[in-house]
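What follows is each chain in one-letter form.
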Amino acid sequence: MASSEMARHLKRENIRSLTMSGHVGFESLPDQLVNRSIQQGFCFNILCVGETGTGKSTLIDTLFNTNFEDYESSHFCPNVKLKAQTYELQESNVQLKLTIVTTVGFGDQINKEESYQPIVDYIDDQFEAYFQEELKIKRSPFTYHDSHIHVCLYFISPTGHSLKTLDLLTMKNLDSKVSIIPVIAKADTVSKTELQKFKIKLMSELVSNGLQIYQFPMDDDTIAKVNAAMNGQLPFAAVGSMDEVKVGNEMVKAGQYPWGVVQVENENHCGFVKLQEMLICTNTEDLREQTHTRHYELYRRCKLEEMGFTDVGPENKLVKSYRPNLSTLRDFTKKRE
């Protein structure tokens, strides 16, 4: 929270601000929080949605600079399946439990209308698992593995034309459940001029169809300027490759083609560096927070309303104490069992 925002908040809450005459020591609270977080480790769950062959696995490998175990998917899946794989990564003294969820067979069916439903169901299942944990008398919030999807990387085929109906339908059904970052897959197959036109067209279609994509936060003064610039770069045009090619006197990650070399980490060639910085280096915690405070809270509120709970009375006045509909609660408990 910015200092001006903090001052307004304190004034609104009628909290007195005092000056201390000596050192107390609570300035170490941020250090305590950091130390505890490092001991507990972090988790980050990424959902990759895109048609078979759009380079989802390659881009994820490149983002985290490792080779995740993966196998080529068939183009003949009768329906869409989701495959989740969890890995333990460590950088310096920070441990990350990374879960990558990929869509197998997405867009391969003749009837594509319901292709998004298994994805919606999977996200809801993770919300439901956490909701059930909250309902327990004896809860284990610190040991419970957070399986919420924190971000959806939505891979858009580099057609140069408009978004497909499948893309529009899928994103429309996901935008209230997960933070979506659109990525133009295999951007090296499109010229720079065509790519820029394609990006403008995509953003125009997203706005005209009322689709909500993740906006990098502007409330932190230290990263507001960078995030503002990155919001103008959406959708990211990324290229992934773990192959190393000699350029000049050094080896770089790149894709080599008959017409030349596309360097993955060269910002003049593609938007990979921007995507990596925004996703992993700058806004990971905000994505995790958005998942819990926005998307999960919406799911939780709907579930509690189904159980008969309400926060307001008939005249839209706050209810101090309330009881759920007992028959609904019994039915709900039976389903759990």
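Data block above holds the structure.
These remarks concern the structure in this document. (Residues numbered from 1 in each chain as written. Predicted model: local features only at pLDDT ≥ 70, side-chain atom pairs only at ≥ 80, totals over all residues. Heavy atoms only, no water.)

## Details of the state of the cysteines
Working definition of a disulfide: a covalent bond connecting the sulfur atoms of two cysteines.
Then step 1. All told, the structure shown has zero disulfides when counted by the stated rule.
Then step 2. No disulfide involves Cys48; its nearest neighbouring cysteine sulfur is the one of Cys152, lying 7.9 Å away.
Then step 3. Look at Cys48 and you get buried, because its relative accessible area is 0%. (Disulfide = S-S within 2.5 Å. Buried < 20%, exposed > 50% of the residue type's maximum accessible area, 1.4 Å probe, protein only.)

## Focus: unusual backbone geometry
Then step 1. Residues Leu234 and Pro235 are joined by a peptide bond in cis, for which omega reads -10°.
Then step 2. Considering the arrangement of structural elements, one finds Pro235 in the loop between α7 (224-231) and β6 (236-237).
Then step 3. With a phi angle near 55°, Asn65 is a residue other than glycine that sits in the positive phi range.
Then step 4. Turning to its location among the elements, Asn65 is positioned in the loop between α3 (56-63) and β2 (81-91). (Helix = DSSP H or I, 4+ residues; strand = E, 2+ residues; numbered from the N terminus.)

## What to know about the side chain of Thr54
Then step 1. By the secondary structure assignment, Thr54 is in the loop between β1 (42-49) and α3.
Then step 2. For Thr54, the side chain forms a polar contact with the main-chain oxygen of Glu51, separated by 2.7 Å.
Then step 3. Ignoring sequence-local partners within four residues, the contact set of Thr54 consists of Phe155, Ser157, Ala185 and Lys186. (Polar contact = N/O pair within 3.5 Å; in protein donor to acceptor, adjacent residues only side chain to side chain. Contact = heavy atoms within 4.5 Å.)

## Brief notes about empty space enclosed by the protein
Then step 1. For the structure shown, the criterion picks out two cavities of 30 Å³ or more.
Then step 2. Put simply, the second largest cavity is a space of about 40 Å³.
Then step 3. Broken down by class, the residue content of the lining of the second largest cavity amounts to two nonpolar, three polar and three charged. (1 Å grid on protein atoms, 1.4 Å probe; cavity = no way out; pocket = protein on both sides within 12 Å on 5 of 7 lines; lining within 4 Å. Points joined across faces, edges and corners; volume = space filled by probe spheres on them. Nonpolar A, V, L, I, M, F, W, Y, C, P; charged D, E, K, R; others polar.)

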